[in-house]
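So you can see what is in the structure, the chains are spelled out below.
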Amino acid sequence: MSVLNVAFSRIVTQAPLLAGTFGVFVTLVLFGALSPVGGIVGFLAVFAAVAVLPTSVVTVTRTADMPPPPPTLPTTNVGIFIDALTDPCLVLDRRSVVLHANEAARRQFPAIGNGNPLTFSMRNPELVQAIEGANRTGTSRSVELHETVPSETWEKVVVSPLRCPGVDWFEDEGRQLIVTFQSLTELKRADALRSDFIANASHELRTPLASLLGFIDTLLGPAAKDTAAREKFLGIMRGQAERMSKLIDDMLSLSRIEMHQHVRPTGSIDLAGLLREVREGLMMQARAAEIEIRLSLFEGPTTTTGDRGQLYEVFENLLENAIKYGADGKFVELSLAPSSRPGFVHQITVIDHGHGVEPEHVPRLTERFYRIDADTSRKKKGTGLGLAIVKHIVNRHRGQMSIKSSPGEGMRVDVFLP
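Figured I'd write up the structure that's included with this text. Predicted model, so just to flag it, every value in this text is computed and none were measured.

This brings us to the packing of helix H12 (residues 308-325) against helix H14 (residues 386-396). In the contact formed by H12 and H14, the axes pass within 9 Å of each other and the chain directions differ by 145°. You can see that H12 and H14 cross each other, and the crossing is left-handed. Contacts between H12 and H14 pair Gln310, Leu311, Glu313, Val314, Asn317, Leu318 and Asn321 from the former with Gly386, Leu387, Ile389, Val390, Ile393, Val394 and Arg396 from the latter. Its residues placed into classes, the contact of H12 with H14 shows eight nonpolar, four polar and two charged.

What follows is about the packing of helix H10 (residues 271-281) against H12. Helices that pack against each other are described as a pair by the angle of their axes relative to one another and the distance between those axes. Their axes nearest at 10 Å, the elements H10 and H12 cross at an angle of 50°. Regarding the angle of H10 to H12, the classification is oblique. Both H10 and H12 take part in a crossing whose hand is right-handed. Every residue of H12 that contacts H10 at Leu271, Leu274, Leu275, Glu277, Val278, Arg279 and Gly281 is listed here: Arg308, Leu311, Tyr312, Phe315, Glu316 and Leu319.

Take the pattern of salt bridges next. Taken as a whole, this structure holds twelve salt bridges when the rule is applied. Several salt bridges share partner residues, and in doing so they unite Glu103, Arg106 and Arg107 into one network.

The next subject is the sheet that holds strand E11 (residues 400-405). The strand order across the open sheet formed by five strands is E7-E9-E10-E12-E11, and the pairing between neighbours is mixed. Of all strands in the sheet, those bounded by a partner on one side alone are strand E7 (292-297) and E11. The mean angle between the axes of side-by-side strands here comes to 10°, regardless of whether they run parallel or antiparallel. Note: strand E10 (residues 346-352) against strand E12 (residues 411-417), seven bridges, orientation antiparallel. The partner of Gln347 across the bridge, within E12, is Phe416. Against the sheet, H14 contacts E11 and E12, and its axis sits at roughly 145° relative to E11.

Cut-offs applied
Residues numbered from 1 in each chain as written. Predicted model: local features only at pLDDT ≥ 70, side-chain atom pairs only at ≥ 80, totals over all residues. Heavy atoms only, no water. Axes fitted to C-alpha atoms, helices over the stretch in contact; angles between N-to-C directions. Helix = DSSP H or I, 4+ residues; strand = E, 2+ residues; numbered from the N terminus. Left-handed = near helix turned anticlockwise from the far one by under 90°. Contact = heavy atoms within 4.5 Å. Nonpolar A, V, L, I, M, F, W, Y, C, P; charged D, E, K, R; others polar. Parallel < 35°, antiparallel > 145°, perpendicular 65-115°, else oblique. Salt bridge = Lys/Arg side-chain N within 4 Å of Asp/Glu carboxyl O. Pairing = 2+ DSSP bridges.

Quick look at the structure:
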């Protein structure tokens, strides 16, 4: 580019400045502060200075106060590999500044940003120590993070040095660390559920077994020749044995349902006919409890896809619970209607008018072995697994269940099916 072209470019760039300067000189001449000749000479001097002013000065002035751009990870095989991972993964430099975060990391930890130290968004002391240790020793470090806010989660974090072939780790100023996160939350919850299940199942079986052993010892000893006592104790023993049998059946049923929960049923079921069968099957129990079962079915298609045996178990459980615990209301309601919830077609509702439960108990009613009143539940031959079975079957059918209850207002259970 010629000198004249450079000068012309500078003049065009600084045109606003030159226009303002020209206005100042014109004003000074008009008010007599400068002679016309002096004004012209002064403006030409400024014009010439702008034309020959080096651009480097302007550039330095503009960029001197700007912060340096954040460090970035070059587009390499490492970056491509990290972006392909489904687990959260980060790349850090030797100062623990985030060079790159894959999509899973940005989604799980939205506060993480490239160019910022990791400690700005994650201040867990164990994680910080693991990063410092890996940076200091050049060896991998592993740590388990347990967070309780906003929900309880567990993460296995592995911090590994990213070594370059032929370069000493401690002398490499551009050394980097790979931080990977693996969720342990589901495994931890499954272990907790398994432990709770075994503990509760053992407790539930221990009580009737202890009763059986006590009655057997009595029959072998003091009551060996007492006919009346023998008949009484044998009746109690039979009841305890039936309770254990029912508990084992429910445990096996729950285990089978969980095993196939991920497999969606394919059978076709007429829900109206199914609910009529459920009602007929419990009529004897309802009469014994002096309860009327009021069935309401809408006129329209009532066919859905599902496992007939499992859905029968769902509504049998719900209606049986309503009869057992809603006897004070003298009647229970069983109805089938179009769904009031988007995404579902059918809504089956079971309502009793008994005592109801406190609202704080409602979210836990579907937990295994959860009982509000354990003694009452056992007297009514409840195992504490009925609603847990119902929940898992409904989940397998891609449905939803809603429970509402208040003291003195009974309980309402809605099952929504596609």
